[in-house]
Amino acid sequence: MPQDQRIAIPSPGFGLGLRPVHYPDFLARPQPVEWLEIISENYMVPGGRPMATLDRIRADYPIVMHGVSLSIGSDEPLDRTYLSALKALADRVDPLWISDHLCWTGINAHNSHDLLPLPYDAPTLQCVVDNIGRVQDYLGRRILIENPSSYVSFRASDRSEWDFLAEMAERADCLLLLDVNNIYVSARNHGFDPLDYLSGLPAGRIQQIHLAGHSDMGDYVIDTHDAAVCDAVWDLYARAIAMVGPVATMIERDDDIPPLAALLSELERARKLAQAALEPVGG
Amino acid sequence: MADALYAIQQRFLAAIMGEDADAEALIVDDARVGAARRIGIYRNNYRASLTGVLADHFERLHAYLGDAQFGHIADAYVKAHPSTTRNLRYYGAALPGFIAHHFPEDGELAELARLDWALRHAFDALDASPLDAGAIGMLGEQWVGASLALHPSARLLTMHHNSAALWSALDAGEAPPAVAVLAAPVDVLVWRSGLQPHFRSLAAVEAATLVRIGRGASFADISAHLVNEVEEATAMETLAALLARWLADGVLILADQAAAVT
Ligand SMILES: [Fe+2]
């Protein structure tokens, strides 16, 4: 990775995605995580148990907000209603940071509820950079943009995803959320070298890392977040930490969610790997 | 010139949401997976996430119908109702009406769907401080004339079938009773008490009174109305019992609080 200046804030440590099945664990006793990530949309509701629980857990843990519906790459005006709900949630939560994905989720008032890939070309880059600027102005802070998993490449693309992300981050002056599993999934689906991807990103803008599991279909891989992190992704994570330095890292699990203890032990593996990756070579 | 991004996105989304539309020409083809299968992954994700969220929102209807029949209805609904909501939480609002339209002979299905949806609404509806004995005491003489409202979580549903009993049996994991048409329609109150959604069937007098409260009636208004209908002592006794229950359940708020939060 280019050894550029560090714009990302120092790592607050290791975290997990907060999921409702684990509410009782977090409410009952302190858990060994330095922060928690919420899916913003799950708390863009008026009240009741989600908001009450969030307030209680927020009193004990720093929180980062991770959105799935910003649709930063849609070629149409941003959804002001969504943005104002996002800002209201940020005002309530006072998150460490706010993230969403390099993707689009819908167009013309129709929504796929999926992180759809973009063509990587100059007009799309302009659209994304402009939209990130508008969002950052509105929220009054830099946002993090995450690399997505994808299953198609557009014929219109004329550059790699990492080149697109690198130029986007510089031009929009935003931060990056590096999903190591997504790099692995997309590398398998599109046939690129994950290390080319890692070394093409501006390391100083990477503020968070996601780790997750996927479903290997043989010919292709689907980003399902329903399994443990695989060995190839752990290896890639160690490479990423060695290149970038300490970065806030968490495990994403959205389906077939195990007891909290299982995720904490996976997170322990991340802590150990990161520690080993940061030790000076040759001691 | 290459397609504008907007045109690419419209075409790609149409291909995901409907099976007829084609977007393969936009995609790099390959011998290993192929453009058609690659788009198919997104098409499948879309259908699976929407039918999945319907199964989640309409949990008891799903249990009643079973996977196959519920899946069939959910697929048809997703085809007929492409998502136009940004937050998946709000997808499925039209399912009860869709079912009523397609299964007019099986009225209990739409009623179960309405009850599931109302309970989902109650779960995360707006917070508001319900009236309790202490709050009424603070109001003093203003209480009887104060305009009332139902808690933002509250909904009244009219049932023509024993759907409330079906729901409760399904919730308890028991075999539901046989479907029966009620001798007279019964209203059900759905609301949230603390953080927990609840529902209960209402006698006609309570339902009618709650409808009036929903329109902003005061305690004086509902008393006057009831006294017109039944003998005064009975009316006052009935109202005292109803009020005690509403206060215990957290069903009422002051109308000016409702105005402040909406
Ligand atoms: Fe991720």
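These numbers come from a predicted model, not from an experiment.

(A) Representation of the interface of chain B and chain A within the structure. Tallying the contact residues gives 42 residues for chain B and 49 residues for chain A. Taken together, the two surfaces of chain B and chain A that pack against each other cover about 3900 Å², and 59% of this comes from carbon and sulfur. Three residues stand out in chain B for area buried against chain A, namely Q9(B), Y42(B) and R86(B), and they jointly supply 20% of the buried area on that side. The interface formed by chain B and chain A contains two salt bridges. In this structure, R86(B) engages D79(A) in a salt bridge whose closest nitrogen and oxygen atoms are separated by 3.1 Å. At the junction of chain B and chain A, the tally comes to 25 residue pairs in polar contact (both at pLDDT 80 or more). For the side of chain B that touches chain A, the residue count by class is 24 nonpolar, nine polar and nine charged.

(B) Quick peek at the side chain of H57(B). All names here are of chain B. Positionally, H57 belongs in helix 2 (residues 35–57). There is a polar contact of 3.4 Å between the side chain of H57 and the backbone oxygen of R89. Contact partners of H57, with chain neighbours within four places excluded, come to L88, R89, Y90, Y91, D116, W117 and R120.

(C) Representation of the packing of helix 5 (residues 107–124) of chain B against helix 7 (residues 163–171) of chain B in the model. Residue and element names in this part refer to chain B. Closest axis-to-axis distance for the helix 5/helix 7 pair is 9 Å, and the angle between their directions is 65 degrees. Along this stretch, helix 5 crosses helix 7, giving a crossing that reads as right-handed. Only S163, A164, L166, W167 and L170 of helix 7 make contact with helix 5, whose side of the interface consists of E108, E111, L112, L115, D116 and L119. For the contact of helix 5 with helix 7, the class distribution of residues is seven nonpolar, one polar and three charged.

(D) How the structure looks around the confidence of the model for chain B. Summary statistics for chain B give a mean pLDDT of 95 and a share of 98% for residues scoring 70 or more. In the model output, the complex is listed with pTM 0.95 alongside ipTM 0.95.

(E) Region of interest: the coordination of the iron ion. Residues and elements named next belong to chain A. Around the iron ion, the protein contributes the donor atoms E146 (OE), D179 (OD), H210 (ND1) and E252 (OE), at 2.0 to 2.3 Å from the metal centre. In the primary structure, the donors to the iron ion are separated according to the pattern E-x32-D-x30-H-x41-E. Highlighted residues: E146 in strand 7 (residues 144–146) and E252 in strand 12 (residues 248–252), separated in sequence by 106 residues. Taking the relative accessible area as the measure of exposure, E146 reaches 1% and is therefore buried.

(F) The arrangement of the pattern of salt bridges in detail. Scanning all chains against the criterion turns up 25 salt bridges over all chains. One salt bridge in this structure joins R271(A) and E34(A), with 2.9 Å as the shortest N-O distance. In this pair, R271(A) sits in helix 9 (residues 260–278) while E34(A) sits in the loop between helix 1 (23–28) and strand 2 (35–39), placing the two residues 237 residues apart along the sequence. Measuring nitrogen to oxygen at the nearest pair gives 2.9 Å for the salt bridge that ties R60(B) to D171(B). Here R60(B) is found in helix 3 (residues 59–80), whereas its partner D171(B) is found in helix 7, with 111 residues between them in sequence. The exposure class assigned to D171(B) is partly exposed, which follows from its relative accessible area of 41%. Within this structure, E34(A), E268(A), R271(A) and K272(A) form a network of salt bridges that share partners.

(G) Here's a closer look at helix 6 (residues 180–190) of chain A. Residues and elements named next belong to chain A. Counting buried positions along helix 6 yields nine of 11 residues, so the element is predominantly enclosed. Inspection of helix 6 places V180, N181, N182, I183, Y184, V185, S186, A187 and N189 among the buried residues, and these make up the whole buried set. Near the N-terminus of helix 6, the side chain that reaches the backbone nitrogen of N181, with its oxygen 3.0 Å away, is that of D179. Of the residues trailing helix 6, G191 is marked for its positive phi of about 75 degrees.

Rules of the game
- Residues numbered from 1 in each chain as written.
- Chains lettered and ligands numbered in written order.
- Predicted model: local features only at pLDDT ≥ 70, side-chain atom pairs only at ≥ 80, totals over all residues.
- Heavy atoms only, no water.
- Contact = heavy atoms within 4.5 Å.
- Buried area = accessible area lost by both parts, 1.4 Å probe.
- Salt bridge = Lys/Arg side-chain N within 4 Å of Asp/Glu carboxyl O.
- Polar contact = N/O pair within 3.5 Å; in protein donor to acceptor, adjacent residues only side chain to side chain.
- Nonpolar A, V, L, I, M, F, W, Y, C, P; charged D, E, K, R; others polar.
- Helix = DSSP H or I, 4+ residues; strand = E, 2+ residues; numbered from the N terminus.
- Axes fitted to C-alpha atoms, helices over the stretch in contact; angles between N-to-C directions.
- Left-handed = near helix turned anticlockwise from the far one by under 90°.
- pLDDT = per-residue confidence, 0-100.
- Donors = N, O, S within 2.8 Å, 3.2 Å for Na, K, Ca; no water.
- Buried < 20%, exposed > 50% of the residue type's maximum accessible area, 1.4 Å probe, protein only.

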